[in-house]
Amino acid sequence: MEEIKVFCPATIANVSCGFDVLGLALDAVGDDMIVRKISKKGIFISKITGQDLPLETSKNVSGVAGLALLEKSNYDGGFEIEIDKKIKPGSGIGSSAASSAGAVWAMNELLGKPFSNMELVQFAMQGEKLASDVAHADNVAPALYGGFTLVRSYEPLDIIPLPTPEELFATVIHPQIEVKTSDSRKILKTNITLEKGIKQWGNLGGLVAGLFQSDYDLIGRSLQDHIVEPIRSILIPAFDDIKLNATKAGALGSGISGSGPSIFALSKGEATAKKVAESMHKTYQSIGIPFDIHISKVNTQGVKRLS
Ligand code: HSE
């Protein structure tokens, strides 16, 4: 195989109680990417459509992630990349992760799969480092593994794939304002109280148990963030109203998607996810900020081959 076209999924990181450790992949939103083998050594980004992003390898997350893979590989040639970018940078649904994960996944396929998913996460994390100054894995891990993933540890890296309850749907509203992950990390406090820690790890354990047991009520009760959401939500217009109305529409729970400004809600069943989308639409209509709304099943496959 000399060339591959892949779908690179958008992702929801943190999922309320799992700052930097929990994430899930989406099915309905993502970028397309073509990667082809070339004889010249290196990574060359020849085309980006959809968004205005740098083609220069060292300034593009897919370039940097690809270089990390090339460095560990004994392949003599290089890769050319074309990206059709549908996820806006700074949207909070893993734009940089989609490009980083998609690039390394595609390269691994073209090379005959010499690397494990965990190694691919490590390469893709270099793209995240370029985008946000921090090599967090909570977007790239679900993008590569599919479904929900838990980063149990960063050093050494330990990714735990979690089960996805069959009827779980996500609704995501993306207000068209840009919030840079690097900026929204700077406003966070570096210390937390023991009281908040107890609440947070109680909910994280509850959410993981809820996923294993397909216990939708438990998932809903656990979608709480006592540490990051109270600080970051001030950057997101009508955040409290969106949450309140999503709950009224039947959502299990909701929170900030990644570092925002997108807000996600999880629901049992597509019909409820659609009602939640309507409530988000109504809430945002009067605000005057353009927005997109996505309804998606959880993508249990991660990056996938299109052709
Ligand atoms: N865990 C990261 C953050 C995700 O919240 O900063 C960024 O998408």
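Look up a bit, the structure's there.
One structure accompanies this document, and this report is about it.

1. Side note on the packing of aromatic side chains
For the structure on display, the rule yields three aromatic pairs. Taken together, a centroid distance of 5.1 Å and an interplanar angle of 40 degrees make the contact between Y75 and F79 tilted. Comparing Y75 with F79, the two get one shared label, buried.

2. Description of the site of the ligand
All residues in the neighbourhood of the ligand are listed as A13, N14, F19, D20, H136, D138, N139, T181, R185, R232, G258 and S259. Side-chain polar atom of D20 to a nitrogen atom of the ligand: 2.5 Å apart, as the coordinates give it. Coverage of the ligand by the protein chains reaches 97% of its 260 Å² of free accessible surface. The pocket occupied by the ligand, as judged from atoms lying within 2 Å of grid points, is the largest pocket.

3. Quick notes on the pattern of salt bridges
Following the criterion strictly, the structure yields 13 salt bridges and no others. Here K304 and D27 are joined by a salt bridge, their closest N and O atoms 3.2 Å apart. One end of the pair, K304, is in strand β11 (residues 304–305); the other, D27, is in strand β2 (residues 22–38), with 277 residues separating them in the sequence. Residue D27 is classed as partly exposed on the basis of its relative accessible area, which comes to 33%. Through salt bridges with shared partners, a single network forms among E3, R36, E80 and E82.

4. A look at helix α1 (residues 61–72)
Because an α-helix completes one turn every 3.6 residues, residues spaced three or four positions apart along the sequence face the same direction. If you check α1, its first and last C-alpha atoms are 17 Å apart, about what 12 residues at 1.5 Å a residue would give, namely 16 Å. Counted residue by residue, α1 has nine buried out of 12 residues, so it is predominantly covered. Looking at α1, one finds that the buried residues are V61, S62, G63, V64, A65, G66, A68, L69 and L70.

5. Focus on a nonpolar patch on the surface
A surface patch of nonpolar side chains, amounting to about 290 Å² of accessible area, comprises I187, I234 and L235. If you trace the backbone, I234 turns up in the loop between α8 (229–232) and α9 (239–248).

6. Here we look at the layout of surface pockets
A volume near 640 Å³ is recorded for the largest pocket. Considering the residues around the largest pocket, the lining is formed by 39 residues, among which P89, G90, S95, S96 and A131 are closest to the centre. Counting only elements with at least two residues in the lining of the largest pocket, the list comes to α2 (95–110), α3 (117–132) and α5 (181–186). Residue classes in the lining of the largest pocket are distributed as 12 nonpolar, 17 polar and 10 charged. Each of domain 1 (3–162) and domain 2 (168–297) contributes no fewer than three residues to the lining of the largest pocket.

7. Topic: helix α10 (residues 270–285)
Taking 1.5 Å as the rise per residue, α10 with 16 residues should run 22 Å; its terminal C-alpha atoms sit 22 Å apart, in good agreement. If you follow the buried residues of α10, they end up packed against β7 (168–175), α9, β9 (263–268) and β10 (291–297).

8. Re the packing of α1 against α3
Packed helix pairs are specified by the crossing angle of their axes together with the interaxial distance, meaning the distance between the axes. At a closest axis distance of 8 Å, the pairing of α1 and α3 adopts a crossing angle of 145 degrees. Judged by the sense of rotation from one axis to the other, the crossing of α1 with α3 is right-handed. Together, V61, V64, A65, A68, L69 and K72 of α1 and L120, F123, A124, Q126, G127, L130 and A131 of α3 make up the contact between the two elements. Of the residues in the contact of α1 with α3, the class split is 10 nonpolar, two polar and one charged.

Parameters at a glance
- Residues numbered from 1 in each chain as written.
- Predicted model: local features only at pLDDT ≥ 70, side-chain atom pairs only at ≥ 80, totals over all residues.
- Heavy atoms only, no water.
- Phe/Tyr/Trp six-rings, centres within 6.5 Å; stacked < 30°, edge-to-face > 60°.
- Buried < 20%, exposed > 50% of the residue type's maximum accessible area, 1.4 Å probe, protein only.
- Near = heavy atom within 4 Å.
- Polar contact = N/O pair within 3.5 Å; in protein donor to acceptor, adjacent residues only side chain to side chain.
- Areas by Shrake-Rupley, 256 points an atom, 1.4 Å probe, with all protein chains shown as cover.
- 1 Å grid on protein atoms, 1.4 Å probe; cavity = no way out; pocket = protein on both sides within 12 Å on 5 of 7 lines; lining within 4 Å.
- Sits in = over half its atoms within 2 Å of the grid points.
- Salt bridge = Lys/Arg side-chain N within 4 Å of Asp/Glu carboxyl O.
- Helix = DSSP H or I, 4+ residues; strand = E, 2+ residues; numbered from the N terminus.
- Expected span 1.5 Å × (residues − 1).
- Patch = residues over 30% accessible without salt bridge, like charges linked within 9 Å, V, L, I, M, F, W, Y side chains within 5 Å.
- Points joined across faces, edges and corners; volume = space filled by probe spheres on them.
- Nonpolar A, V, L, I, M, F, W, Y, C, P; charged D, E, K, R; others polar.
- Domains from an automatic or database assignment.
- Contact = heavy atoms within 4.5 Å.
- Axes fitted to C-alpha atoms, helices over the stretch in contact; angles between N-to-C directions.
- Left-handed = near helix turned anticlockwise from the far one by under 90°.

Bear in mind that shape data such as this cannot, by itself, settle questions of function.
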